Amino acid sequence: MIPAVSIVDVVKHFGSLQALAGVSLDIEQGEFFGLLGPNGAGKTTLISSLAGLIRPDSGTIKVMGHDVIRDFREARRLLGVVPQELVFDPFFNVRETLRIQSGYFGIRKNDDWIDEILEHLDLASKADVNMRRLSGGMKRRVLVAQALVHRPPVIVLDEPTAGVDVELRQGLWQFIRRLNGEGHTIILTTHYLEEAEALCNRIALMKQGRVIALDTTANLMAAHPGASLEQVFVRTMQQ
Amino acid sequence: MIGFLTLFEKEFLRFWKVSFQTVAAPVLTALLYLLIFGHVLDEHVQVHGVRYISFLVPGLVMMQVLQNAFANSSSSLIQAKITGSIVFVLLPPIPYGAFFLAYVLAAVARGLLVGVGVLLATVWFAELKVVAPWWTLVFALFGGGLFAALGMIAGIWSEKFDQLAAFQNFLIMPLTMLSGVFYSIYTLPTFWQGLSHYNPVFYMIDGFRYGFFGVSDVAPETSLAVVVACFAAVSMLTLRLLKRGWKLRG
Ligand SMILES: Nc1ncnc2c1ncn2[C@@H]1O[C@H](COP(=O)(O)OP(=O)(O)OP(=O)(O)O)[C@@H](O)[C@H]1O
Ligand SMILES: [Mg+2]
């Protein structure tokens, strides 16, 4: 089976700063994959390269076998990305935002699926509210919804639970788990390591643009008996 | 195709939802120009045997078509870049050609709406006939398209609003103001007359005006050739920049 995501030797500089120092990584279809690391480790840079938002200096990235630069149309169709920054278009309400996003992916009549997403993200009552009037956590939910409108087989969530209340977190994870159960590949970055421990079957730890540990969650934990993922994280970073 | 239509629709709605500022305001501006210049100069000046106030109207219409086409694509892109919402159009699989067309056509639509608005508002003050309506339409379309494409380049290039303002104040405004909106270039000293021939906007205004009066400084076929060539060149450049992801995909 082709990997959901295949990353080979990806290097990216911002001026003199090396944000990615040669990252190679395969993520299999159906995985719930955790991309962890301290601030500035390069997680978002890697995700942006995957999504075609930035161009790496060298290396290749494929989504389900499609090169993200040469075959960008297919690669982007297969990918749903929740960006880390809380961004929104102030001209539209929630439903308009989701309809427009569907249209960008070539889907015209998508209201059944949009309603379902809104339901799961507890946004149904906000469907007709302008984006400007939503609270921060609700804007975050809309970002998640926007990434799902085209039912992408590979879903990337860059800190989706930052600033989101407990209830939604649980609802969100239930929904994402269901999608994972239906075969969607999930790639998650988060600084809440209990979340990663509970959800991810495999984890990459990044530091200064490199992957310094890559294993199943079970193996990572087994190497440090009795420790939580947070303790494993701290020890690995210190090595 | 759906991706293109959606992006066009979104770009159209973006200005339409605030049409008081994006359409009504420029119409008012043009009307003020007409009242002031028209009132001051109408008694004294005739151009091509046409009363000055009638001569002025097509120039003002075209000037607003161009400036608003530019304003639409440039402000949309820079706003999206600064707020970060540009990711919503960068993540989907929209081909760069469709991306280009959607922004340009929406910007031209705003330019034309403003242009029609100016015409309707000024028709009370000046008698106007339209001798060759197709000429006016063709010049408005290609001129608007050229400025819409320039607006895309400016919006993508600028990182801050003041950079965009500089582009607008030091390039777009002089090009449009010094193009013969307010005068026939043959009333200018020889040197400035010669210089005006290097300003592509001169040909847009002159050709557009030909559609109204059937007389112009330059043959309309020549003007059209210049305008279409400039449009093609700027479009090609914009497409190449989009393909490379210049300033959008770092
Ligand atoms: N557009 C940019 N221009 C310059 N430097 C950048 C840019 N984007 C990221 N960087 C730098 O690259 C490095 C990696 O940043 P990145 O955003 O990928 O980190 P991260 O792992 O996502 O961190 P966080 O957990 O804080 O989100 C950082 O040092 C950052 O300052
Ligand atoms: Mg990040």
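Residues numbered from 1 in each chain as written. Chains lettered and ligands numbered in written order. Predicted model: local features only at pLDDT ≥ 70, side-chain atom pairs only at ≥ 80, totals over all residues. Heavy atoms only, no water.

Draft legend 1. Representation of the overall build of chain A within the structure. What chain A contains, in helices and strands, is nine helices and 10 strands. For 239 residues, the compact-globule estimate of 2.2 N^0.38 gives 18 Å, and chain A sits close to it at 18 Å. With respect to the principal axes defined by its C-alpha atoms, chain A has extents near 50 × 45 × 35 Å. Relative to its 239 residues, chain A shows a buried fraction of 56%. The long-range share in chain A, meaning contacts at least 24 apart out of those at least 6 apart in sequence, stands at 68%. Of the roughly 10300 Å² that chain A leaves accessible, carbon and sulfur atoms contribute 48%. (Helix = DSSP H or I, 4+ residues; strand = E, 2+ residues; numbered from the N terminus. Rg over C-alpha atoms; globule rule 2.2 N^0.38 Å. Buried < 20%, exposed > 50% of the residue type's maximum accessible area, 1.4 Å probe, protein only. Contact = heavy atoms within 4.5 Å. Areas by Shrake-Rupley, 256 points an atom, 1.4 Å probe, with all protein chains shown as cover.)

Draft legend 2. Representation of the interface of chain B and chain A in the model. With 30 residues of chain B at the contact, the number on the chain A side is 28 residues. Overall, the association of chain B and chain A removes approximately 2600 Å² of surface from exposure, summing both partners, and the carbon and sulfur fraction of that is 64%. A per-residue breakdown of the area chain B buries against chain A is headed by B:F88, B:L91 and B:P93, which together make up 28% of the total. When the shortest N-O distance is used, the salt bridge between A:R108 and B:E9 registers 3.7 Å. Taken together, the elements giving at least two residues each to the side of chain B that touches chain A come down to α1 (2-16), α3 (52-83), α4 (87-90) and α10 (220-244) of chain B. Here the side of chain B that touches chain A is built from residues that sort into 15 nonpolar, eight polar and seven charged. (Buried area = accessible area lost by both parts, 1.4 Å probe. Salt bridge = Lys/Arg side-chain N within 4 Å of Asp/Glu carboxyl O. Nonpolar A, V, L, I, M, F, W, Y, C, P; charged D, E, K, R; others polar.)

Draft legend 3. Broad picture of the site of ligand 1. Residues and elements named next belong to chain A. Taken together, 14 residues lie around ligand 1, and N39, G40, K43, T44 and T45 are the ones closest in. With respect to ligand 1, the backbone of A41 contributes an N or O atom lying 3.1 Å from an oxygen atom. The separation between an oxygen atom of ligand 1 and a polar side-chain atom of K43 is 2.7 Å. Those elements giving two or more residues to the shell around ligand 1 turn out to be β2 (17-27) and α1 (43-51). At three residues, α1 tops the list of elements feeding residues into the shell around ligand 1. Considering only residue class, the shell around ligand 1 consists of five nonpolar, seven polar and two charged. (Near = heavy atom within 4 Å. Polar contact = N/O pair within 3.5 Å; in protein donor to acceptor, adjacent residues only side chain to side chain.)

Draft legend 4. Region of interest: the coordination of the magnesium ion (ligand 2). Residues and elements named next belong to chain A. Coordination sphere of the magnesium ion (ligand 2), protein contribution only: T44 (OG1) and Q84 (OE1), at 1.9 to 2.1 Å. Linking T44 in helix α1 with Q84 in the loop between β6 (79-82) and α3 (94-104), this pair joins segments that are 40 residues apart in sequence. For Q84, a relative accessible area of 28% puts it in the partly exposed group. (Donors = N, O, S within 2.8 Å, 3.2 Å for Na, K, Ca; no water.)

Draft legend 5. Broad picture of the packing of helix α9 (residues 200-213) of chain B against α10(B). Residues and elements named next belong to chain B. Relative to each other, α9 and α10 sit at 135°, their axes nearing to 9 Å. In this view, α9 runs oblique relative to α10, as classed from their interaxial angle. Classified by chirality, the crossing of α10 by α9 is left-handed. Contacts between α9 and α10 pair P200, Y203, M204, D206, G207 and Y210 from the former with P220, S223, V226, V227 and C230 from the latter. Grouping the constituent residues of the contact of α9 with α10 by class yields eight nonpolar, two polar and one charged. (Axes fitted to C-alpha atoms, helices over the stretch in contact; angles between N-to-C directions. Parallel < 35°, antiparallel > 145°, perpendicular 65-115°, else oblique. Left-handed = near helix turned anticlockwise from the far one by under 90°.)

Draft legend 6. Local environment of unusual backbone geometry. Residue and element names in this part refer to chain A. Backbone geometry places M64, a non-glycine residue, at a positive phi of 45°. Here M64 shows up in the loop between β4 (58-63) and β5 (66-67). The phi dihedral of Q208 is positive, around 45°, even though this residue is not glycine. Turning to its location among the elements, Q208 is positioned in the loop between β9 (202-207) and β10 (210-216). You can call Q208 exposed: its relative accessible area is 62%.

Draft legend 7. Inspection of the pattern of salt bridges at higher detail. Residue and element names in this part refer to chain A. Taken as a whole and judged by the stated rule, the model has 14 salt bridges over all chains. Notably, a salt bridge pairs E116 with R178, separated by 3.1 Å at the nearest N-O pair. Residue E116 is located in helix α4 (residues 111-120), and its partner R178 is located in helix α6 (residues 166-181); the two are separated by 62 residues in the primary sequence. In this structure E116 comes out as partly exposed when scored by relative accessible area, which is 31%. Judged by relative accessible area, R178 falls into the partly exposed class, the value being 31%. Taken together, the shared-partner salt bridges connect R95, R99, D111 and D115 into one network.

Draft legend 8. Here's a closer look at the side chain of A:D158. Residues and elements named next belong to chain A. Here D158 lies in strand β7 (residues 154-158). Although D158 lies buried, it forms no salt bridge, and the closest oppositely charged side chain, K43, sits 6.6 Å away as judged by the N-O distance. A polar contact is formed between the side chain of D158 and the side chain of T44, at a distance of 2.8 Å. If we ignore the near neighbours within four places in the chain, the residues touching D158 are T44, I47, V82, P83, Q84 and T189. (Lys, Arg positive; Asp, Glu negative; His and termini not counted.)

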